[in-house]
Amino acid sequence: MTVLNGLDFLVTLKTIPSLEFEANPILDEFNLGWIGLLIFGIIYQLVLIIPFYFHCFVFNYPEYKYRKSFPSKFIWEVYFFRNDQRPYVSFANGVFNILAVYLFWEYVIGKIIAILNNILLFLGDHFFGLPGYIEIDPEMKSRFEGGWIYDIVDAYSSISPAGKADLLKYATIVGVSIPFLIFLSSIQRKARQNFLRERKTKRQSKYFIAFFCFFQIVLWILENT
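Residues numbered from 1 in each chain as written. Predicted model: local features only at pLDDT ≥ 70, side-chain atom pairs only at ≥ 80, totals over all residues. Heavy atoms only, no water.

1. Notes on the overall build of the protein chain
Now for step 1: Scanning the protein chain from terminus to terminus reveals 8 helices and 0 strands.
Now for step 2: Going from N to C terminus, the protein chain has its helices and strands arranged as α-α-α-α-α-α-α-α.
Now for step 3: For the protein chain, with 225 residues in total, the buried portion stands at 32%.
Now for step 4: For the protein chain, the accessible surface area stands at approximately 15,100 Å², while carbon and sulfur atoms represent 67% of it. (Helix = DSSP H or I, 4+ residues; strand = E, 2+ residues; numbered from the N terminus. Buried < 20%, exposed > 50% of the residue type's maximum accessible area, 1.4 Å probe, protein only. Areas by Shrake-Rupley, 256 points an atom, 1.4 Å probe, with all protein chains shown as cover.)

2. Remarks on the pattern of salt bridges
Now for step 1: Throughout the structure, instances matching the rule amount to 2 salt bridges.
Now for step 2: In this structure, Asp8 and Lys111 form a salt bridge, with 2.9 Å as the shortest nitrogen-oxygen distance. Taken together, the residues span a long stretch of sequence, with Asp8 in helix α1 (residues 2-15) and Lys111 in helix α5 (residues 87-128) at a distance of 103 residues.
Now for step 3: Residue classification places Asp8 among the buried positions, given a relative accessible area of 13%.
Now for step 4: The salt bridge involving Arg86 is made with Asp84; its shortest N-O contact spans 3.3 Å. (Salt bridge = Lys/Arg side-chain N within 4 Å of Asp/Glu carboxyl O.)

3. Re the packing of α1 against helix α3 (residues 33-58)
Now for step 1: Relative to each other, α1 and α3 sit at 165°, their axes nearing to 10 Å. Between α1 and α3, the crossing angle belongs to the class labelled roughly antiparallel. In terms of crossing hand, the pair formed by α1 and α3 is right-handed. Facing α1, whose interface residues are Thr2, Asn5, Phe9, Thr12 and Leu13, α3 presents Trp34, Leu37, Leu38, Gly41, Ile42 and Gln45.
Now for step 2: A per-class count over the contact of α1 with α3 returns 6 nonpolar, 5 polar and no charged. (Axes fitted to C-alpha atoms, helices over the stretch in contact; angles between N-to-C directions. Parallel < 35°, antiparallel > 145°, perpendicular 65-115°, else oblique. Left-handed = near helix turned anticlockwise from the far one by under 90°. Contact = heavy atoms within 4.5 Å. Nonpolar A, V, L, I, M, F, W, Y, C, P; charged D, E, K, R; others polar.)

4. Here's the deal with the packing of aromatic side chains
Now for step 1: Per the stated rule, a full pass over the model turns up 15 aromatic pairs.
Now for step 2: Taking the centre distance of 5.7 Å and the plane angle of 45° together, the rings of Tyr44 and Tyr107 count as tilted. With Tyr44 in helix α3 and Tyr107 in helix α5, the pair connects residues that are 63 residues apart, well separated along the chain.
Now for step 3: Seen from their ring centres, Phe59 and Tyr79 are 5.3 Å apart, and the 45° between their planes marks the pair as tilted. On the criterion of sequence distance, the pair formed by Phe59 in the loop between α3 and α4 (72-79) and Tyr79 in helix α4 is long-range, its members being 20 residues apart.
Now for step 4: Among the residues examined, Phe59 registers a relative accessible area of 9% and is labelled buried. (Phe/Tyr/Trp six-rings, centres within 6.5 Å; stacked < 30°, edge-to-face > 60°.)

Rendered as structure tokens:
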């Protein structure tokens, strides 16, 4: 998150120094400028770290015995109501953990999309003379012209501003939905690991007790012979 936040800031500084096309509605409403953009970016990241820390180190995945299918009742009965002894706390923990996953991936994917968007617009300035960007060395055009990068920039620059906004929105939705599918499978995996860990501990305890009893019997036999 920190790396992406810094890259987004540097790319924006390089590509849109006037912040004319900055999409942050808060900065646009209050005209906060670069200082406001930097402060807002740091505060926003720190706020999102709190639920993500909860997801990584606090949330207690309940135990779940493995089955071939993934029953939906596991989500409702186990995930939401068995991670804490108090039902209302358990349900709140489950909701907050899902929110933590969504906010993290929405932040990461949104930053990646924003960085790519700014880079494409920056390159489009050299090829198509879009307003509001820095003038740079014309030799850069010869480096990309005729290649696949040029084709991507050409196609992206031909999209209207409203079309770009819709494209970025749909890309974010699809990008966040994929990690959520992985998250749903990880719920079962982590719960399964907890179950196997407990079963392994119980099995090791039985082995230790059996070995101790066997050792005592051998000692008794040796003493009597």
